[in-house]
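Listed below are the residues making up each chain.
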Amino acid sequence: MKFPEKFELKILSRDWVLKHWGPPPQPSKEMLIEELVYKLSLLVSPDFNITKGKREWAASFMAATAGYTLYVIKENFNIADPVARRAIAHELVHILQYHYFRPHYPTTLDKKMAIQALIEGDADLVADIYCNLTGMPPRPKPSIPINNPYIALQSFPYIYGECFVSYLYDRGGWKLVNQAYKIPPISTEQVIHPEKYLKREQPVNTTLITNETGKPLYINVMGEYYVLLILITKIGMSEALRASEGWGGDLLELFYVDEAKEWRLYWNITWDTVKDAQEFYDAFNKALRNIGAVKIMNGSNRVMYKVWSYIIEVFINNRNVLIKSVKEIK
């Protein structure tokens, strides 16, 4: 592929980036709802602040692209550092992607992260090939920053993307990689397990039935990686990987019930098999106990806990595990 004849290079300050690309000083309604979803689904602790999280993420970049423009953040960019040269190689690939493919970003979290993993993984693979050709040290293999779950969520494309694209490249070269822009991965499951992408294993269309009369304020598909993150921080990596890999599909909805002055989150996760569902059910119950949740009701297929300021119910029915999380507004 050839580069377009013209593209721009702009040098930005970190302050400019935070002002124009970072979150507003006062969080929007959408941001506060997003924050609440992360809290009620137990991704983050009750003291998590989404404005701070988004500022930290925006301030971390060394370079970025938008269309045919490459931006360099001067405080984060040391021209003498090989990492900076690798970053430029990475960003130049994004210009090629924009020129030739114009990737489309879906709206659901799971699908969006899957597309981002293709885009970032492609750029990372090229950047590492560039490092090998020029004798620069390759990038250390990234790991999940489990001490910062919000950053870990944003980092998915950079943690799993290159492994996914390398898997395609090893089996079909650039032809198969380029074809992925026409038939992109549609779940984080397909990225984490690229063999499922090649088999075109599709997520199931999970249904969610609630007794709420109003419309949900938030609807999303969270995905296998989101489930993995919730478990990793509470039961450890190996057990979390085993408990999350049977993910088949999910659907999450958030309601505000004015009469009760409550936020209510419902999250139904469908698993590949009954055994997978039971494994996650057991792991999630263990995760709750590990963060100090107190059991207040126990049945054959339903458990209720009090943890922090939430009441959390966990139901299992065949291949489905339903999590209901309630927060009272005092």
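Shown above is the structure to which this text applies.
Presented here is an overview of the structure given in this document. In this text, all values refer to a predicted model and were calculated from it rather than measured experimentally.

Before going further, it helps to examine the nonpolar core. Counting residues in hydrophobic clusters, the biggest one holds 76 residues, and the most contacted among them are Tyr225, Leu231, Trp267 and Phe284. At nine residues, helix α10 (residues 224-235) tops the list of elements feeding residues into this core. Counting residues in hydrophobic clusters, the runner-up holds seven residues, among them Ala63, Val72, Ala84 and Leu92.

Bringing the state of the cysteines into the picture now. Applying the stated criterion to the full structure yields zero disulfides. Free of any disulfide, Cys131 has its nearest cysteine sulfur in Cys163, 16 Å distant. The exposure class assigned to Cys163 is partly exposed, which follows from its relative accessible area of 44%.

The next subject is the packing of aromatic side chains. On inspection of all chains with the given rule, the structure shows 23 aromatic pairs. Ring centres of Tyr256 and Trp263 lie 5.0 Å apart, and the angle between their planes is 55 degrees; on these two criteria the pair is classed as tilted. Judged by relative accessible area, Tyr256 falls into the partly exposed class, the value being 32%. Among the aromatic residues, those joined into a cluster by ring pairs are Tyr38, Phe48, Tyr150, Tyr226 and Trp267. Sitting over the ring of Tyr98, Arg102 keeps its end group 3.9 Å from the ring centre.

Rules behind the numbers
Every chain is numbered on its own, with residues counted from 1 as its sequence reads. Given that the model is predicted, a residue must reach a pLDDT of at least 70 before its local features are reported, and side-chain atom pairs must reach 80 or more before they are shown or counted; all residues, however, enter totals for whole chains, interfaces and linings. Heavy atoms throughout the structure, all of them, feed into the side-chain values; hydrogens and water do not. Residues grouped as a nonpolar core are buried Ala, Val, Leu, Ile, Met, Phe, Trp, Tyr and Cys residues, joined through side-chain atoms within 4.5 Å. Each residue's exposure class comes from its accessible area (1.4 Å probe, protein chains only) as a fraction of the maximum for that residue type: buried when under 20%, exposed when over 50%, partly exposed otherwise. Put simply, DSSP marks the helices as runs of H or I at least four residues long and the strands as runs of E at least two long, and each gets a number from the N terminus on. By definition, disulfides here are pairs of cysteine sulfur atoms that lie within 2.5 Å. Aromatic rings from Phe, Tyr and Trp, taking only the six-membered ring of Trp, are treated as a pair when their centres fall within 6.5 Å; an angle between ring planes under 30 degrees marks them as stacked, one over 60 as edge-to-face, and anything in between as tilted. In our convention, an over-ring charge means Lys NZ or Arg CZ found within 6 Å of a ring centre and within 35 degrees of that ring's normal.

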